Amino acid sequence: MPFQSISHSRIRMLIIASVFLMAVFVVRLFYLQVIEHSKYSILADAEQVKRLTIPATRGEIYMEDNGTPVKVVLNETVYTMFVDPKIITDPEAVKDVIREVAGGNTVDGFAKLVDKKDTRYQVVAKNVTRRQAELIKKKELAGIGFQAVVRRVYPEGTLAAQTLGFVNYDQKGQYGIEGRFDKQLRGKDGMLQSVTDVSNVPLTIGNRNVNIPAQNGANIVLTLDRNVQAYTEKALSDGLRKIGATDGSVIVMDPNDGSVLAMANFPTYNPSKFAKVTNANAFNNAVVSDPYEPGSVVKTFTVATGINTNTITPQSTYVNTDYITIDDRTITNATKGQTGTISIQHALTWSLNTGMVTVAQRLGGGTINRQARNTMYSYFHDRFHLGQMTGIETTGEVPGELIPPTAVEGNAVRYSNMSFGQGMNPTMIQVAAGFSSLINGGTYYYPTIIKGNLNDDGDIVPAKQKKPQENVINASTSATMRTMILKARREFYAGNDRKGYDIGGKTGTSQDIVNGEYTFDETTGTYIGFGGDTKPKYVIMVRVSSKGRALNGGDHALPIFTDISNWMIDYLKLQPKG
Amino acid sequence: MSYYSSTTYARRRTGMTRGYNSVAFTSSVKLGPVTHTVLVALMITVLGLIYLTQATKATSYDYEAQKIETKIAELSTEKTDLEVENARLTALDSVRNSSVARAMTSPGAPQHVSQ
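Cut-offs applied
Residues numbered from 1 in each chain as written. Chains lettered and ligands numbered in written order. Predicted model: local features only at pLDDT ≥ 70, side-chain atom pairs only at ≥ 80, totals over all residues. Heavy atoms only, no water. Helix = DSSP H or I, 4+ residues; strand = E, 2+ residues; numbered from the N terminus. Buried < 20%, exposed > 50% of the residue type's maximum accessible area, 1.4 Å probe, protein only. Areas by Shrake-Rupley, 256 points an atom, 1.4 Å probe, with all protein chains shown as cover. pLDDT = per-residue confidence, 0-100. Contact = heavy atoms within 4.5 Å. Salt bridge = Lys/Arg side-chain N within 4 Å of Asp/Glu carboxyl O. Axes fitted to C-alpha atoms, helices over the stretch in contact; angles between N-to-C directions. Parallel < 35°, antiparallel > 145°, perpendicular 65-115°, else oblique. Left-handed = near helix turned anticlockwise from the far one by under 90°. Expected span 1.5 Å × (residues − 1). Buried area = accessible area lost by both parts, 1.4 Å probe. Polar contact = N/O pair within 3.5 Å; in protein donor to acceptor, adjacent residues only side chain to side chain. Core = buried A, V, L, I, M, F, W, Y, C linked by side-chain atoms within 4.5 Å. Arc of directions from axis to C-beta. Patch = residues over 30% accessible without salt bridge, like charges linked within 9 Å, V, L, I, M, F, W, Y side chains within 5 Å.

A. Expanded view of the overall build of chain B. Broken down by element type, chain B carries four helices and zero strands. For chain B, the sequential pattern of α-helices and β-strands runs α-α-α-α. For chain B, the proportion of its 115 residues judged to be buried stands at 8%. In the structure as shown, chain B presents an accessible area of about 10500 Å², 63% of it carried by carbon and sulfur atoms.

As structure tokens, this is what we get:
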């Protein structure tokens, strides 16, 4: 009995102890799992649930190459190579492999960085390719790491640099297409929220996993033709070198749909090396962002206005005395000696200012009154779109300036100057697009450089284009203008033209403003013209200038036009007449 | 009409149950509380094992998927590298400076044949 009693007592004690112990566990578990639930839940999530960004791939940019899109801007994954000197066991082997495999990409004094035992992170090479990185990894040396970096690649170098723009170190598009379409090119990063293991491998357990795929950026196809662009740049560069000029721009357009085939500027730069550019002007696309007085090329617009309003015909005559007085100002011809009764065609061919002022006067019935100025403004601004944004899809476009007749400055003297291309500041793109409407039958096409987007199947989804403005001049006026401009070229400048084609053009020379005053010591030369077989197939506008140099359209801009024009005939495979 | 039918049916049900003896089947095997506990524990264990097997299986698929995704990423990078290389090799400057292009002669003026 005593034994039984002791035994029961021990069992009871054991039961009590067990129950107590279990109670402790239960209470502790209750505390941890119920009372402190949210706290530990947050801690567990922080440890296990990872939010990973799925980076969107930046869209690529294409140019045309004989109708086939070719990549001119791509992405490339390169690696920044770093070392942890503290855990490097064989510094000499590390230095040797870096020198051997990534010799051209090392940072200055990388060997010393490897020996800095008191540091944990030293960048020793940049822009290491995947192949180089793999070769280094194969050596299995401790203390070497790689960080992937996506960089923009411009395989064509300086080609169309101002049109393309570049991507800066913050991965933000700057200038040109990169700047204008940065948002579309960038795309949208995706997100992956998932429970992960220690190696950050996402696991499907848990009910809060989120997977939002990245939306890659749009692939943009430009209307620029790679070959036309390359030849235009070469012709501009050669032409400037020959005349010793420093600055120049060229635009080549299809006058039948407004698409820009080439836009070249000099000086230029390589978008891959944008940080090395010392003159920020090199980033600007002067064709769209630098308004100037285009000079006598505007005479084609004045004559077209006169013909379309039935004010004049090419055969209309006037008495040329080489000067004409408007209010208190006397306007003279740059080319003198063509005095007497001459035709408007003659005035255009010889680029006589007096002839154009006469046209402006006749628009008002004999004086450059409000009616004449209103008509000129209506044609120049509303029909030919001078002095207003064209909407070309790139950064930096400016409206330029065309003073309306309602303004105080929009007086008779101003409009007499405007009739031969002074006292107004349009951009090259405005003049080229307006000129296209003069010779294409009378339709104004808004200039464009975007052909469309390339979808995943490799098909081009055409971009929505602005509706063209029809009948800015009559078809008959346009035909007359073609003939007049052809004659203007053939009289003096067609010697080097390919025979059997219709190539017409007009020179322009304008004084630059130096220290607030017009000077003859520094002038800008311009030439605009068209070429084709049965109808105009291209419009080319060239502008050249140089500090302290008097450059003119006929001697300095025209040869560049002729060079490009002859090449275009071959490139477009145009058939000669006859 | 519907009320009438309903009351008739209720009366029939009452009549059916009244005249029958209900017989319950009684098993000859008696399971004690310990056996019950063991069985329940076994069932819980089996269910737990099934859950663990499935969860492990799902996780192993995750690793498989991760491997495939890594492979896709590698191939994609490789493809991009090749595209960049192709673009560099076919760039106009590269072509112009190639040995093939250097060996070429300048073309003469084209002759057109009228038909």
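B. Geometry of the confidence of the model for chain B. Here chain B averages 79 in pLDDT, and 77% of its residues register 70 or above. Predicted complex, confidence summary: ipTM 0.79, pTM 0.84.

C. The arrangement of the environment of Ile439 of chain A in detail. Residues and elements named next belong to chain A. Inspection of the secondary structure puts Ile439 in helix H16 (residues 428-439). Separated by 97 residues in sequence, Ile439 and Pro536 place their C-alpha atoms 7.2 Å apart. If near-sequence neighbours (up to four positions away) are discounted, Ile439 is found in contact with Pro255, Ser478, Arg482, Ile485, Phe530, Pro536 and Val539.

D. Spatial organisation of the pattern of salt bridges. Residue and element names in this part refer to chain A. Scanning the entire structure with this criterion turns up 30 salt bridges over all chains. The closest approach of N and O atoms between Arg151 and Glu76, which form a salt bridge, is 3.0 Å. With Arg151 in strand S5 (residues 144-153) and Glu76 in strand S3 (residues 68-83), this residue pair connects regions lying 75 residues apart in the sequence. The partly exposed category is assigned to Arg151, whose relative accessible area is 26%. Here Asp238 and Arg241 are joined by a salt bridge, their closest N and O atoms 3.1 Å apart. One end of the pair, Asp238, and the other, Arg241, are both in helix H9 (residues 226-243), three residues apart, so they sit about a helical turn from each other. Residue Arg241 is classed as exposed on the basis of its relative accessible area of 59%. Among the charged side chains, a network of salt bridges with common partners joins Arg58, Arg152, Glu178, Asp182 and Arg186.

E. Structural context of the packing of helix H3 (residues 91-102) of chain A against helix H5 (residues 130-138) of chain A. All names here are of chain A. In the contact formed by H3 and H5, the axes pass within 10 Å of each other and the chain directions differ by 155°. It follows from the interaxial angle that H3 and H5 lie roughly antiparallel. The handedness of the crossing between H3 and H5 is right-handed. Residue-level inspection shows Val97, Val101 and Ala102 of H3 in contact with H5, the latter providing Gln132, Leu135 and Ile136.

F. Summary view of unusual backbone geometry. For the bond from Phe266 of chain A to Pro267 of chain A, the omega torsion is 5°, close enough to zero to count as cis. Counting through the fold element by element, Pro267 of chain A comes out in the loop between strand S13 (260-266) and helix H10 (286-289).

G. Highlighting helix H2 (residues 33-89) of chain B. The terminal C-alpha atoms of H2 of chain B, which comprises 57 residues, lie 83 Å apart, in line with the 84 Å expected from a rise of 1.5 Å per residue. Taken together, the buried positions of H2 of chain B are Ala55, Thr59, Asp62, Thr77, Asp81, Val84 and Ala87 of chain B. Those residues of H2 of chain B that are buried lie in contact with S3, H5, S5 and strand S9 (202-203) of chain A.

H. Layout of the interface of chain A and chain B. With 28 residues of chain A at the contact, the number on the chain B side is 21 residues. Of the roughly 1900 Å² buried between chain A and chain B, counting both surfaces, carbon and sulfur atoms make up 55%. Counting every contact that joins chain A to chain B gives four salt bridges. Connecting chain A to chain B are six residue pairs in polar contact (both at pLDDT 80 or more). Elements with a contribution of two residues or more to the side of chain A that touches chain B: S3, S5, S9 and H9 of chain A.

I. Region of interest: the nonpolar core. Residue and element names in this part refer to chain A. Counting 88 residues, the largest nonpolar core has Ile251, Phe380 and Phe384 as its most contacted members. With eight residues, H16 is the largest single contributor of residues to this core. For Ile251, the residues in contact, after removing those within four places along its chain, are Val260, Ala262, Met263, Val287, Met428, Ile429, Ala432, Val539, Ile540 and Met541. Counting 29 residues, the second-largest nonpolar core is a separate cluster that includes Ala245, Val252, Ala264 and Ile540.

J. Looking closely at H5 of chain A. Along H5 of chain A, the positions that sit buried rather than exposed are Arg130, Gln132, Ala133 and Ile136 of chain A. Burial along H5 of chain A is one-sided: seen end-on, the buried residues are contained in an arc of 160°. The outward face of H5 of chain A, more than 90 degrees from its buried face, is lined by the exposed residues Arg131 and Lys138 of chain A. At its buried positions, H5 of chain A is contacted by S3, H3, strand S4 (122-128) and S5 of chain A together with H2 of chain B. Downstream of H5 of chain A by one or two residues, Glu140 of chain A has phi in the positive range, about 50°.

K. The arrangement of a nonpolar patch on the surface in detail. A contiguous nonpolar patch, built from Val29, Leu31, Val34, Val38, Leu39 and Leu42 of chain B and spanning about 560 Å² of accessible area, is present on the exposed surface. Structurally, the position occupied by Val29 of chain B is in the loop between helix H1 (2-18) and H2.

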